[in-house]
Amino acid sequence: MGKQHLLTIPATDETSIRVHVESKHRPHSGSTYTQFELVTTNPDAEFSSLAVSQPPHQEATLSIDPPRIPTGESVRFGVTGGCGLVRVAATCGGAQRTFTLPTAAFRDTCEKAISGDRSAASKVADQFTSPIQMANICGQLHTVSEIGQLLRNTVAAKPETGRALHTHRYDLIRGALTTDTGLTVETNGELEELVETLDSIRRIGSVKLIPALGDAIARCQRSPEQPKSLLEGLGYEFETITQQHRGILFVCHLAHLVRTGDIERAKSCVKTQDWGGTADYDQLKSDAEQADFAARGRKWRAVLPKSAHRNQAEFSHVLANALHWTGVNVESHSRVSEPLFDGAVHAAVDAGNRHIEGWARYERLTAKGHRLRAQNNYRPAERLFRRSERIASNYGFLPQWEPIYNTANVRASILRSTDDYDAAIETLESALDDVVEYTIPKEKLNEIVHHLKAQELETRSQIATFGDEGPTPETLLEEAETHYQAIGFERSASRVQHKRGRLDPPTQHQEMGETASPTDTEAADANTEPAQSQPTQSDPASSSESPATESTPSEPIPDATDAERIRAETQRDQFEPNPELDDSLSPTDPSQSGTGDIMTSPRDRDNPRRPSGYPDDEW
């Protein structure tokens, strides 16, 4: 194979690095090696330094020759070894860029993986720390369609990669939209192809266009024009795309305008819309105030156009409700809800609506905390939940029990990760003692008790592997599974079933840290759109004076009931599982406890107008 152009990497505004590659043969040894040549596109920008290394965690062992690389307008180095990658740190034109290059053997293996060779797909995946990294690095060399095939075949060969892709599916799309290296999409056609491909892979779960675009807008921070430039740069007509799916993307744009300090511009944008039709303004507002929980985002958005012709305080009040309720109802695993809540805070402050301001501040922290928790990023999630506890203490209408519950879950996960099982059990027991002192809807309290007790039993099973006294690990896991099943936490029950299946007294402890393939239950649940991982709450205000529905008091019960009796009673209260509260695809280490299922959701609210069922999502 002669020298070929591999890719071009931007270095500065004026300079790029062109990478050429050639597979060569060593006659004396009979081996082949890959020779790379890096050339600057600007003759005035030379290479001042270059370092080549092997990425950590890579399976292949490579030899890099020569160890010291001369610098100038172009540089060459060779790599000998199997299916592997090399990491290059180059300083060119005063700017340092770090990128990863594939050997010839790796590229051959990757081509086979794209063509459907599952063994090759598994070999490619083994060179990376995550399938997201694989998609980004291989995306330098292949089309969106080819990357889709690579991911599909990788998930088929290594099913556990589907869990990581599920959790980070919107991160992957956002990176492709907003970066100029790795996997990139430059047109709306490429974006829609990527979304459709990911959505079609059963183990990844639901992936939709509007949440993907909203997630990218959520990361826009520089100027009010940035979201519009992003959409039009892809080839979308701004007015057309933002009106799809009941105007949710348009509301994301409004949230961005409010967050960047341009609420007057948001008002001007809204004046051009006609979502409310010919309906009377007061009737539209009344409908929104009295709407069922799942319809409130849509109903408040319908009020927006006519509110833009009212005074500023009235418009800000309606906008705060529209942003807040849209944030409550939207897809959970993208970060769309976070800037919507942030925008609701700004609009509520402008309207002087302390009720929505408090709820939006609280939910912004809680939504981000649950997103991080679902990614097993427990320490930053714990910090956010503790901040939400301080917010709740400042507003009498917020559920003060919920941050206690959320914090205990992630704190216990942190302690288990350091093998401090006794402290994890103490954390869970203490949280249960604290939570039962609050007024909580009976069904939700039942769920909390089962969940915390199940985690405690799972953790005790890990301690039981060290000694012969007390209940056996099998007994403890069986009890934990019963608690999970009682509340429909199928993902967690499946994890416990897998642990029980692997129990082997002589070797169980050594095996507990291994990562296992998903169970049949996970595969069966993979097409279910995960439910929202956000807080339980009572209604925020739908008028400037009072909430549409008063919140349930969150202060401790004056005459505290015995905690042990409440535990016993609620453990006997069995009710039908609610699949919308079960996140069957949250990535969970099968050796850990209590991280696989949704803990709280806005749909749990104690709301007399709450409908009997909800759509899968608001998109």
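Before reading further, recall that the structure is shown in the block above.
Rules used throughout
The written sequence of each chain sets the order in which its residues are numbered from 1. Residue-level local features of this predicted model are given only where pLDDT is at least 70; pairs of side-chain atoms are given and counted only at 80 or more, and the full residue set underlies all totals for whole chains, interfaces and linings. In computing side-chain values, all of the structure's heavy atoms are included and hydrogens and water are not. Every helix listed is a DSSP run of H or I at least four residues long, and every strand listed is a run of E at least two residues long, numbered separately from the N terminus. Remark: exposure states derive from per-residue accessible area (1.4 Å probe, protein chains only) relative to the maximum for the residue type, with buried under 20%, exposed over 50%, and partly exposed in between. In this description, a line fitted to the C-alpha atoms serves as the axis of each element, helices being fitted only across the stretch in contact, and the angle between N-to-C directions of two axes falls anywhere from 0 to 180 degrees. Roughly parallel covers angles under 35 degrees, roughly antiparallel covers those over 145, roughly perpendicular covers 65 to 115, and oblique covers all other angles. When the near helix sits turned anticlockwise from the far one by under a right angle, the crossing is termed left-handed; a clockwise turn instead gives a right-handed crossing. A contact between two residues is defined here by any heavy atoms of the two lying within 4.5 Å. Two strands pair under a simple rule: DSSP has to find at least two bridges between them.

Participant: An account of the overall build of the chain is needed here, citing residue identities and associated values.
Facilitator: When its secondary structure is counted, the chain shows 25 helices and eight strands. Looking at the chain as a whole, 58% of its 619 residues are labelled buried.

Participant: Account for the packing of helix α3 (residues 131-138) against helix α4 (residues 144-157), with residues named and values stated.
Facilitator: Across the interface, α3 lies against α4 with an axial gap of 10 Å and an inter-helix angle of 155°. Judged by the angle between their axes, α3 and α4 are roughly antiparallel. Here α3 and α4 pass one another in a crossing that is right-handed. Of the residues in α4, those in contact with P131, M134, A135 and C138 of α3 are I147, L150, L151 and T154.

Participant: Pulling in residues and values, what's your account of the pairing of strand β2 (residues 16-25)?
Facilitator: Where strand β1 (residues 4-10) meets β2, six bridges bridge the pair, whose relative direction is antiparallel. Residue pairing for β2: I9 is matched across the bridge by I17. What sits between the antiparallel neighbours β1 and β2 is a turn of five residues.

Participant: So, the sheet that holds β2: which residues are in play, and what are the values?
Facilitator: Read across the sheet, five strands follow the order β1-β2-β3-β6-β5 without closing on themselves; strand pairing throughout is antiparallel. Taken across any chain shown, the strands that pair with only one partner, and hence form the sheet edges, are β1 and β5 (62-65). On average, each strand axis in the sheet is inclined to that of its neighbour by 25°, with strand direction left out of account.

Participant: Hey, could you go over the environment of L165 for me, with residue numbers and the actual values?
Facilitator: Within the secondary structure, L165 sits in helix α5 (residues 161-167). Under the relative-accessibility criterion, L165 is labelled buried at 2%. Along the chain, L165 and P131 lie 34 residues apart, while their C-alpha atoms are 6.7 Å from each other. Residues contacting L165, with those up to four places away along its chain left out, are P131, I132, L151, V155 and I204.

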